[in-house]
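This is what each chain is made of:
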Amino acid sequence: FDEVSNTFVVAADGSEHKITYEPTSRIADSQVGSVLLDGSIKDKIRELIGEMPKTEFSDEVERMLSDAWMPGRGFGKAFLAQMAQIFRSFGLIFVDPQNAALKRLSAPIYESAIRSADEIAANVVSRSKALTAAGYHAQVLVEDDYFSLFWQTEGGVRTAIRKVGDGLYRSKADKREFVTEELLEIVASEPDRFSPGVMLRPVVQDYLFPTVCYFGGGAEIAYFGQNSAVYETVGRP
């Protein structure tokens, strides 16, 4: 959440101005997209517009932000609404990765990742070592207890799962333990309780939407040096 809760703008007097937004009801470590906006978001939008130089576009920008970032709306939906408004003339389709139907469609990849958990961890660790040995850096620290899916607790916290024994896994936040078969049963019945980690996320994206062209920044592209090992392990192109 810290990555998206701050905005820096050049103020009207030429100085850098920082605006920080923190809704009072946010659950620590919950998925950012599900964090609900409260009434104070209106004050932050007014602060933003008030600090920036006044131009012929200021009123339009304020309307766009106010229409998108509405109290009661989640961060994900608000961001989607803003992007849809900015790109409204281009016919783009936006997808919310938290959509329950998409989670159900993603379940086969989740299942493959669970069945191949040991191989994924070993192959990504091996790939990371090879990258480091070749003079590159690994984007993500992956250790032998790595598991490629996150778990959402009953309280809405998104937490890592780690291997703690042969076929035994434990979530970090609520300490719930799972055996492999239990994880597979939950994927079949409640796939929305899981979300892919950064090593698995591109595999899920390419499974849902076969890729014709991909745009990414340097850091984003660098992930593929590691996570291509996951594609190979679960047999995805």
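This write-up is about the structure you can find in this document.

Criteria and cut-off values
- Residues numbered from 1 in each chain as written.
- Predicted model: local features only at pLDDT ≥ 70, side-chain atom pairs only at ≥ 80, totals over all residues.
- Heavy atoms only, no water.
- Helix = DSSP H or I, 4+ residues; strand = E, 2+ residues; numbered from the N terminus.
- Contact = heavy atoms within 4.5 Å.
- Areas by Shrake-Rupley, 256 points an atom, 1.4 Å probe, with all protein chains shown as cover.
- Lys, Arg positive; Asp, Glu negative; His and termini not counted.
- Charge placed at Lys NZ, Arg CZ, Asp CG, Glu CD.
- Buried < 20%, exposed > 50% of the residue type's maximum accessible area, 1.4 Å probe, protein only.
- Salt bridge = Lys/Arg side-chain N within 4 Å of Asp/Glu carboxyl O.
- Polar contact = N/O pair within 3.5 Å; in protein donor to acceptor, adjacent residues only side chain to side chain.
- Expected span 1.5 Å × (residues − 1).
- Bend = angle between axes of the 7 residues up to and from the residue.

1. Focus: the overall build of the chain
Scanning the chain from terminus to terminus reveals eight helices and seven strands. Each of the three principal axes of the chain carries a C-alpha extent, and together these read 60 × 40 × 35 Å. Contacts in the chain between residues at least 24 apart in sequence constitute 57% of all its contacts with a sequence separation of at least 6. With the model as given, the accessible surface of the chain reaches about 13,900 Å², and the carbon-plus-sulfur share is 54%. Computing the positive centroid from 25 side-chain charges and the negative centroid from 34, the chain places the two 2 Å apart.

2. Some remarks on the environment of threonine 233
Along the chain, threonine 233 turns up in helix α8 (residues 218-233). In this structure, the C-alpha to C-alpha distance between threonine 233 and glycine 72, residues 161 residues apart in sequence, is 41 Å.

3. Points about the side chain of aspartate 38
Along the chain, aspartate 38 turns up in the loop between β2 (16-20) and α1 (40-51). Despite being buried, aspartate 38 has no salt bridge partner; lysine 44 is the closest side chain of opposite charge, sitting 9.4 Å away. A polar atom in the side chain of aspartate 38 sits 2.5 Å from the side chain of serine 40. Those residues in contact with aspartate 38 that sit more than four places away from it in its chain are Tyr21, Pro23, Thr24 and Pro71.

4. Some words on helix α4 (residues 100-115)
Given a rise of 1.5 Å per residue, 16 residues ought to cover 22 Å, and the 22 Å separating the end C-alpha atoms of α4 matches this to within 8%. Along α4, the sharpest change in direction is near 45° and occurs at serine 106; proline proline 108 comes one to four residues later. Inspection of α4 places Leu102, Lys103, Ser106, Ala107, Ile109, Tyr110, Ala113 and Ile114 among the buried residues, and these make up the whole buried set. Among the structural elements, α5 (117-133), β3 (149-152), α6 (180-189), β7 (194-196) and α7 (201-208) are those in contact with the buried residues of α4. Measuring from the backbone nitrogen of alanine 101 back to the side-chain oxygen at the start of α4 gives 2.9 Å, which picks out asparagine 99 as the cap.

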